[in-house]
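# Geometric and topological summary
Here's the letter readout for the chains.
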Amino acid sequence: MSNKRYDLSPKDVAAAQCSAGQANDYSSARLLYATAATYGPDWHSLPHTHDCIELFYVVSGVGQFRMGHDLLAVAKGDLVIINPQVEHTELSLYSHPLEYIVLGVEGLQFTTGTNGQYGVYNFHGGQEAVLHILQSILQELEQRTTGYVQMCQLLLEMLLLLLGRYTNFASSAEPTRRASKECAIVKRYIDANFKENISLDQLAELAHVNKYYLVHSFSREYQISPINYLIQRRVKESCYLLSDTDHSLSQISHTMGFSSPSYFSQSFRKLMGMSPMEYRKQSRGTPRR
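Nothing here was measured: the structure is a model prediction, and the numbers come from that model.

### Let's talk about the overall build of the chain
Summing up its helical and strand segments, the chain has 10 helices and 10 strands in all. Within the chain, the fraction of its 289 residues that count as buried is 41%. Roughly 16500 Å² of accessible area belongs to the chain as shown, and the carbon and sulfur atoms make up 52% of that amount.

### So, the sheet that holds strand β4 (residues 70–75)
A sheet is described by the order of its strands in space; here three strands give the open sequence β4-β3-β6, paired in antiparallel fashion. Two strands lie at the open edges of the sheet, namely β4 and β6 (89–92), each paired on one side alone. Going across the sheet, the axis of each strand differs from the next one's by a mean of 25°, ignoring polarity. Bridge count between strand β3 (residues 62–67) and β6: four bridges; the pairing is antiparallel. Within β6, the position partnered with G63 by the bridge is S92.

### Considerations on the sheet that holds strand β2 (residues 53–60)
Pairing is antiparallel across the open sheet formed by five strands, whose spatial order is β1-β7-β2-β5-β9. With one partner strand each, in any of the chains shown, β1 (30–38) and β9 (118–122) form the two edges of the open sheet. The sheet shows a mean angle of 15° between the axes of neighbouring strands, direction not considered. For β1 and strand β7 (residues 99–106), the ladder comprises eight bridges, and the chain directions are antiparallel. Note that in β7 the partner of L31 across the bridge is V105.

### Considerations on unusual backbone geometry
The backbone of H208 sits at a positive phi, close to 60°, despite the residue not being glycine. Mapped onto the elements of the fold, H208 is located in the loop between α5 (200–207) and α6 (211–222). Its relative accessible area of 72% is what places H208 among the exposed residues.

### Focus: the pattern of salt bridges
Should their charged atoms come close, side chains of opposite charge can pair. Tallying each qualifying case throughout the model produces four salt bridges. In this structure, D191 engages R233 in a salt bridge whose closest nitrogen and oxygen atoms are separated by 2.9 Å. Here D191, found in helix α4 (residues 181–193), pairs with R233, found in helix α7 (residues 226–244); they are 42 residues apart in sequence, far enough to count as distant. Of the residues examined, D191 reaches a relative accessible area of 18% and is grouped as buried. With a shortest N-O distance of 3.3 Å, K211 and D201 are connected by a salt bridge. One end of the pair, K211, is in helix α6; the other, D201, is in helix α5, and 10 residues separate them in sequence. The class for D201 is partly exposed, based on a relative accessible area of 46%. Because the salt bridges share partners, they merge into one network encompassing K187, D191 and R233.

### Some words on the pairing of β2
In terms of burial, β2 is largely enclosed, as seven of its eight residues are buried. Across seven bridges, the pairing between β2 and β7 is antiparallel. From the neighbouring strand, F56 faces β7, where its bridge partner is V102. Bridge analysis of β2 against strand β5 (residues 78–82) gives four bridges, and the strand direction is antiparallel. Pairing of F56 across the sheet is with V80, part of β5.

### Looking at the nonpolar core
L55, I81, L103, V105 and L160 are the most contacted members of the largest nonpolar core, which totals 28 residues. For this core, the secondary structure elements donating two or more residues are β2, β5, β7, β8 (108–110), α2 (127–143) and α3 (148–166). Looking at which element gives the most residues to this core, the answer is α3, with seven residues. Among the nonpolar cores identified, the runner-up in size contains 27 residues, and I198, L230, F264 and Y279 belong to it.

### As for the packing of aromatic side chains
Tallied over the entire structure, the rule returns eight aromatic pairs. Note on F56 and Y100: the rings are 4.5 Å apart at their centroids and 20° apart in plane angle, and the pair reads as stacked. Taken together, the positions of F56 in strand β2 and Y100 in strand β7 put the pair 44 residues apart, joining distant regions of the chain. With respect to class, F56 is no different from Y100; both count as buried. Between F258 and F264, the ring centres sit 5.2 Å apart and the planes meet at 50°, which makes this aromatic pair tilted. On the accessibility criterion, F258 (6% relative accessible area) is buried. F264 sits in the buried class, given a relative accessible area of 0%. Pairwise contacts between aromatic rings join F258, Y263, F264, F268 and Y279 into one cluster. Just above the ring of Y222 sits the side chain of K187; from NZ or CZ to the centre is 5.8 Å. Over the ring of F258 we find R234, and its NZ or CZ is 5.8 Å from the ring centre.

What counts as what
Residues numbered from 1 in each chain as written. Predicted model: local features only at pLDDT ≥ 70, side-chain atom pairs only at ≥ 80, totals over all residues. Heavy atoms only, no water. Helix = DSSP H or I, 4+ residues; strand = E, 2+ residues; numbered from the N terminus. Buried < 20%, exposed > 50% of the residue type's maximum accessible area, 1.4 Å probe, protein only. Areas by Shrake-Rupley, 256 points an atom, 1.4 Å probe, with all protein chains shown as cover. Pairing = 2+ DSSP bridges. Axes fitted to C-alpha atoms, helices over the stretch in contact; angles between N-to-C directions. Salt bridge = Lys/Arg side-chain N within 4 Å of Asp/Glu carboxyl O. Core = buried A, V, L, I, M, F, W, Y, C linked by side-chain atoms within 4.5 Å. Phe/Tyr/Trp six-rings, centres within 6.5 Å; stacked < 30°, edge-to-face > 60°. Lys NZ or Arg CZ within 6 Å of the ring centre and 35° of its normal.

Below is the structure:
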């Protein structure tokens, strides 16, 4: 018979209890969402922000992150941490498409890295453990068995502890603004589904609030109404189609979810200060032959 026993010394226990109220206590962090995706030809990401911190783990592939004027190369095993309200977008090489897992976490603020806004880390020897935790979170959210929320919370805290173990990651508790929770839900939904037919009634039902309250609350949080934000997202995405494709205005209008080409042109001019065709000509510099 072989038997090994490992005891925690009173000194270790006391040190752990002492640190519970310091920077490495992650009990205030709460998982909002998890996403698993693989880059494809139909994927185009525009600069955007989030109301929560995002942990972006590269499972495979090669790509870049654009943070303002900075361009960061990322590859398998890298973890990109982005603070709330930091504008960013991700790019992928077609030959080595990015496969990634993203966690959205509230109640946490990243305090190191570039100006405290973002950081890129590689776990080196801890990659297998990190990937196992992330895949376990996805599995819990997919199966939703008894206790899955608590399990996700424990897995998140394990992930953050590993991040602190293998890197110089530092964080602080960030008070959650409960009043804006419904607004964050609506904003995330619009960002993910802006090409679909979305109504104010639908958004209010999603957030479980009165639609008039939603308009007031959303406008207070983001200085724009929910429907105008939806139109803004559609117009900004259409800029890519205008500059990089030969799609007609009718095609772009339909793809972006506008009710008609004339409404698309009207909305585009109001936001961009020029017509869609003027923007296409200006973005290309010279007309295509």
